[in-house]
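A structural walkthrough
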Amino acid sequence: HYLLFCMRTSTLARRLRVWEHLFNQTLTQTTHRRRAPFATMTTTTKSDFGVVSMWSQVEAAPKDPILGVSELFHADKDPSKMLLGTGAYRDDNGKPLVLECVRKAEKKLIEDAKNMEYLPTQGDNQYISRSLDLAYGKEIGNAGAIAGIQTLSGTGACRLFAEFIARFKKGAVCYVPDPTWSNHLNIFRDAGVETKAYRYYKADTRGLDFDGLKEDLGNAKEGDVVLLHACAHNPTGVDPSEEQWLEISKLFKDKNLFPFLDSAYQGFASGDCDKDAFALRMFKRDGHAMALAQSFAKNMGLYGHRVGTLSIVCASKEEATVVESQLKVIARAMYSSPPLQGANLVSTILGDEKLNALWLTEVKMMAERIIDMRAKLREALEKSGSTMGWKHVTDQIGMFCYSGLTPEQVDRLKDEHHIYMTRNGRISMAGVTSKTVEKLAQAMHAVTTS
């Protein structure tokens, strides 16, 4: 009778109420016969659409501190607004940039008519080999003792390694610098790996807290993992000197700590890929077992292609083979196989002499524009009459400037000047242009003097 009634009913609302009644009757009868697996999940409620909710107990997640800034920016209608929170390069007109070497590599791939088949779980082997050459140097030495796998950019490399630690280094703690990229903490938390902070940034000097770093890592236990930013530390832009890196390597040897380097900015920091790889290659030369996360988002502008590499330096070729097999097992369950196009682009650029030379020129150009914006911002701040010290703006390196602005001052920049950045005072220097640098300096002066 209910079905007949539904067929003859002319309005959608009545049909929905009838089917809701039928569903609830069935659910009640099923629960009496046996307890349904989902019946204990939560108290059910009915929506306006007649659907029984199973997720009414779920709370809204807090907004990501970086993505939330972008949302506020896009909602602002002021034509002079500035977005300095996003870690993506912009040209001097404030526009996204696709490198010429990337466009030429795209054209070459079309001409070569490559297929669109799945990559194997470990990714493209030629891409991995060229990626490791770039990082460790072409004279790697015992290259066969490095396990390598293509990943979903640097984030995916970090996540894959965190899962590897959780499975095969149980009980190990991962020490992370204070501060660090906020997603590092999410990644290790979700993998179930305990993290501890070690001192890194010294607010009163706007520089490295080297003594605090050594003391905290000196208290780590043997076998613990330590996350290091290979260059252009995010968010502070503060890197150890070469002499300090040497001391850090010795400390790791003495304590038998495991270095995990996150390299998101090779070439993008100083404009010199070899210089930016100093710390990584030093650890390799010093004989450390270690791991490396690489990303080509920043230095090739391949943000949306999600192309990266995870490599683990092992004691032997046999160990590397075993480690790589386990990395593939983890990747298989996570995403099965990595994206094709980004790996093809990177491999084509790194493997072609002319395209590689063009890329090195272009990445140097991006780095130099950011260095120039640092100099112009410091000069404009000092000319504004500010009595504060701004030397740290040019002492720091890479995409981000850790300005020293307080959360309240950052709020005023947003509310009074329509300038958006994260509340820790991190400025994405890639978003500053020759047309906006004066406005930024004047606004920073205004919020720091009143």
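The preceding data block contains the structure.
Residues numbered from 1 in each chain as written. Predicted model: local features only at pLDDT ≥ 70, side-chain atom pairs only at ≥ 80, totals over all residues. Heavy atoms only, no water.

**Brief notes about unusual backbone geometry**
In this structure, proline 179 follows aspartate 178 across a cis peptide bond, with omega equal to 5°. By the secondary structure assignment, proline 179 is in the loop between strand E5 (174-178) and helix H7 (182-190). Of note, the amide linkage connecting asparagine 234 to proline 235 takes the cis form, showing an omega dihedral of 20°. With respect to the helices, strands and loops of the structure, proline 235 is situated in the loop between strand E9 (225-229) and helix H9 (242-255). Backbone geometry at alanine 113 places phi at a positive 50°, although glycine is not the residue there. Inspection of the secondary structure puts alanine 113 in the loop between helix H4 (100-112) and helix H5 (125-136). Even without a glycine there, the phi angle at serine 336 is positive, about 75°. Positionally, serine 336 belongs in the loop between helix H12 (317-334) and helix H13 (341-351). (Helix = DSSP H or I, 4+ residues; strand = E, 2+ residues; numbered from the N terminus.)

**Let's talk about the environment of leucine 340**
Here leucine 340 is to be found in the loop between H12 and H13. Relative accessible area serves as the criterion here: at 17%, leucine 340 is assigned to the buried category. Sequence separation between leucine 340 and tyrosine 118 is 222 residues; the distance between their C-alpha atoms is 7.4 Å. Residues in contact with leucine 340, not counting those within four places in the same chain, are Asn115, Met116, Glu117 and Leu119. (Buried < 20%, exposed > 50% of the residue type's maximum accessible area, 1.4 Å probe, protein only. Contact = heavy atoms within 4.5 Å.)

**Brief notes about the environment of glutamate 117**
Relative to the assigned elements, glutamate 117 resides in the loop between H4 and H5. Given the relative accessible area of 56%, glutamate 117 is considered exposed. Sequence spacing of glutamate 117 and leucine 340 is 223 residues, and the spatial spacing of their C-alpha atoms is 8.2 Å.

**Looking at the nonpolar core**
Tyr136, Leu217, Leu261, Phe283, Trp359 and Leu377 are the most contacted members of the largest nonpolar core, which has 89 residues in total. In terms of residue count, the dominant contributor to this core is helix H14 (residues 353-383) (nine residues). In this view, leucine 261 contacts Leu228, Ala230, Ala279, Leu280, Phe283, Met290, Ala291, Leu292 and Ala293; residues no more than four positions away in its chain are not counted. With 30 residues, the next largest nonpolar core counts Leu227, Ala291, Ala293 and Tyr335 among its residues. (Core = buried A, V, L, I, M, F, W, Y, C linked by side-chain atoms within 4.5 Å.)

**Topic: helix H3 (residues 67-75)**
Listed as buried for H3 are Gly68, Val69, Ser70 and Phe73. On its buried face, H3 sits against strand E3 (82-83) and strand E14 (419-420).

**Some points on the packing of H5 against helix H11 (residues 278-285)**
The N-to-C vectors of H5 and H11 enclose an angle of 95°; their axes lie 8 Å apart at closest approach. By the criterion of interaxial angle, the relationship of H5 to H11 is roughly perpendicular. Contact residues: Asp133, Leu134, Ala135 and Tyr136 in H5; Leu280, Arg281 and Lys284 in H11. When its residues are assigned to classes, the contact of H5 with H11 shows four nonpolar, no polar and three charged. (Axes fitted to C-alpha atoms, helices over the stretch in contact; angles between N-to-C directions. Parallel < 35°, antiparallel > 145°, perpendicular 65-115°, else oblique. Nonpolar A, V, L, I, M, F, W, Y, C, P; charged D, E, K, R; others polar.)

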